[in-house]
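Now for the letters of each chain:
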Amino acid sequence: MNALAISDLRKVYKNGFEALKGIDINVAEGDFFALLGPNGAGKSTAIGIISSLVNKTSGQVEVFGHDLDKDPEAVKSCIGLVPQEFNFNMWERIGEIVVNQAGFYGIPRKEAWRRAEASLKQLDLWDKRNQMSRTLSGGMKRRLMIARALVHRPKLLILDEPTAGVDIEIRRSMWAFMSELNAQGTTIILTTHYLEEAESLCRNIAIINQGRIVENTRMDQLLRQL
Ligand code: ADP
Ligand code: ADP
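Residues numbered from 1 in each chain as written. Chains lettered and ligands numbered in written order. Predicted model: local features only at pLDDT ≥ 70, side-chain atom pairs only at ≥ 80, totals over all residues. Heavy atoms only, no water.

The name given to the protein in an unreviewed UniProt entry is ABC transporter ATP-binding protein, with Sedimenticola selenatireducens as the source organism.

This is how it looks when you write it as structure tokens:
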């Protein structure tokens, strides 16, 4: 089964700007997939649509066989999203941030704490659960974003430019974490504008430019062409 199947996806923003001009993307279950493209290419728009944050203009999106139009809740429960910008409350405690996220998926509070514990431990943040999120370093804030995205145990994790503006040490530890998570069975889609990052992590890649997919291939084949 495909983790993600997108066909002829279009997005025209209210101002008339055509951000996606009919794209097709297929991501197999278990894949580590890169969506590579320069700033403004349409990566965040595509991810926003898959994650129900942005309405599509037309086209079809299926996540693990669930159609986004017919069963948006099933799609949401399959997906964990790590957006580019920190979007948690800086005055909220780390544990609460993750527990409340589980609440959005209808997970009862006691179970939510169990999940949050597992998720925060995975990212070495459990000991900090009672701290305000604003006290965390930049690298730890990134880890919090990931812990929060994993709390409902999504089958598909989508990370939007996860290592933008991150120093090399943190970047390496995030790469190791993502690889391990993928090895354990989570399908991962990563957007990036660094070929180097896609190259070191991903098995398959789509390149997007000005709202169109211009290349969609296995990473090793792409590298042979360069
Ligand atoms: P990327 O993530 O690849 O940098 P985006 O999906 O953020 O690209 O943006 C694609 C294009 O759509 C850009 O030209 C951007 O300016 C435009 N865009 C994004 N959001 C909106 C919006 N809400 N209204 C109009 N244009 C937008
Ligand atoms: P309620 O909302 O029912 O008053 P709490 O939110 O205080 O309960 O706690 C619900 C469960 O989560 C309890 O089992 C509690 O032990 C656990 N819990 C609450 N806060 C923490 C924390 N900071 N670290 C670990 N577990 C916690």
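The structure having been displayed, the exposition proceeds.
Moving on, we come to the packing of helix H4 (residues 109-122) against helix H5 (residues 138-150). Taken N-terminus to C-terminus, the directions of H4 and H5 make an angle of 145°; their axes are 9 Å apart at the nearest point. For the element pair H4 and H5, the recorded crossing hand is right-handed. Note on element contacts: H5 touches H4 through Leu144, Ala147 and Leu150, opposite Ser119, Leu120 and Gln122. Taken together, the residues of the contact of H4 with H5 sort by class into four nonpolar, two polar and no charged. (Axes fitted to C-alpha atoms, helices over the stretch in contact; angles between N-to-C directions. Helix = DSSP H or I, 4+ residues; strand = E, 2+ residues; numbered from the N terminus. Left-handed = near helix turned anticlockwise from the far one by under 90°. Contact = heavy atoms within 4.5 Å. Nonpolar A, V, L, I, M, F, W, Y, C, P; charged D, E, K, R; others polar.)

So, about the site of ligand 1. Every residue near ligand 1 is listed here: Tyr13, Asn15, Phe17, Ala19, Pro38, Asn39, Gly40, Ala41, Gly42, Lys43, Ser44 and Thr45. Within the complex, the protein chains bury 63% of what would otherwise be the 570 Å² of accessible surface of ligand 1. Sort the elements by how many residues they give to the shell around ligand 1 and helix H1 (residues 43-50) lands first, with three residues. For the shell around ligand 1, a count of residues per class yields five nonpolar, six polar and one charged. (Near = heavy atom within 4 Å. Areas by Shrake-Rupley, 256 points an atom, 1.4 Å probe, with all protein chains shown as cover.)

Helix-helix packing is described using two parameters, namely the angle between the two axes and the distance between the axes. At a closest axis distance of 8 Å, the pairing of helix H3 (residues 94-104) and H4 adopts a crossing angle of 120°. Between H3 and H4, the crossing angle belongs to the class labelled oblique. Of the two possible hands of crossing, H3 and H4 adopt the one that is right-handed. For the pair H3 and H4, contact is made by Ile94, Gly95, Glu96, Val98, Val99, Asn100 and Ala102 and by Arg109, Ala112, Trp113, Ala116, Ser119 and Leu120, respectively. Considered class by class, the residues forming the contact of H3 with H4 number eight nonpolar, three polar and two charged. (Parallel < 35°, antiparallel > 145°, perpendicular 65-115°, else oblique.)

Applying the stated criterion to the full structure yields two aromatic pairs. The interplanar angle of 35° and the centroid separation of 5.8 Å between the aromatic rings of phenylalanine 86 and phenylalanine 88 together place this pair among those described as tilted. For phenylalanine 86, a relative accessible area of 32% translates into the label partly exposed. Summarising the aromatic geometry, the rings of tryptophan 113 and tryptophan 126 are spaced 6.3 Å apart at their centres and angled 70° between planes, so their arrangement reads as edge-to-face. In this pair, tryptophan 113 sits in helix H4 while tryptophan 126 sits in the loop between H4 and H5, placing the two residues 13 residues apart along the sequence. (Phe/Tyr/Trp six-rings, centres within 6.5 Å; stacked < 30°, edge-to-face > 60°. Buried < 20%, exposed > 50% of the residue type's maximum accessible area, 1.4 Å probe, protein only.)

For the rest of this paragraph, the subject is the site of ligand 2. Neighbouring ligand 2 are Arg109, Lys110, Trp113, Trp126, Arg129 and Asn130. Between ligand 2 and arginine 129, the relevant distance is 2.7 Å, taken from a nitrogen atom to a side-chain nitrogen or oxygen of the residue. The protein chains hide 43% of the 550 Å² of surface that ligand 2 would expose on its own. In the shell around ligand 2, the residues fall into two nonpolar, one polar and three charged. (Polar contact = N/O pair within 3.5 Å; in protein donor to acceptor, adjacent residues only side chain to side chain.)

A word on the pairing of strand S8 (residues 187-192). Summarising burial for S8: six of the six residues are buried, a large majority. Neither face of S8 is left uncovered, since the one carrying Thr187, Ile189 and Thr191 and the one carrying Ile188, Leu190 and Thr192 both have all their residues buried. One ladder, built from five bridges, connects strand S3 (residues 32-36) with S8; its direction is parallel. Within S8, the position partnered with leucine 36 by the bridge is threonine 192. Relative to S8, strand S7 (residues 156-160) is paired through five bridges, and the arrangement is parallel. Across the sheet, residue isoleucine 158 finds its bridge partner in S8, namely isoleucine 189. Handedness of the crossover is the feature at issue here: the chain leaves S7, passes through helix H6 (residues 168-183), returns alongside S8, and the resulting connection is right-handed. (Pairing = 2+ DSSP bridges. Right-handed = clockwise from strand over helix to strand, strands pointing away.)

Most of H1 sits inside the fold, with seven of its eight residues counted as buried. The complete set of buried residues in H1 reads Lys43, Thr45, Ala46, Ile47, Gly48, Ile49 and Ile50. Remark: serine 52 follows H1 within two positions and exhibits a positive phi of approximately 65°.

Enumeration according to the criterion identifies ten salt bridges in this entry. Where aspartate 8 meets arginine 10, a salt bridge forms, and the shortest distance between an N and an O atom there is 3.1 Å. The salt bridge partner of arginine 115 is glutamate 111, with a shortest N-O separation of 2.8 Å. Of the two residues, arginine 115 and glutamate 111 both sit in helix H4, four residues apart, roughly one turn of that helix. The exposure class assigned to glutamate 111 is partly exposed, which follows from its relative accessible area of 23%. Taken together, the shared-partner salt bridges in this structure form one network comprising Glu111, Arg114 and Arg115. (Salt bridge = Lys/Arg side-chain N within 4 Å of Asp/Glu carboxyl O.)

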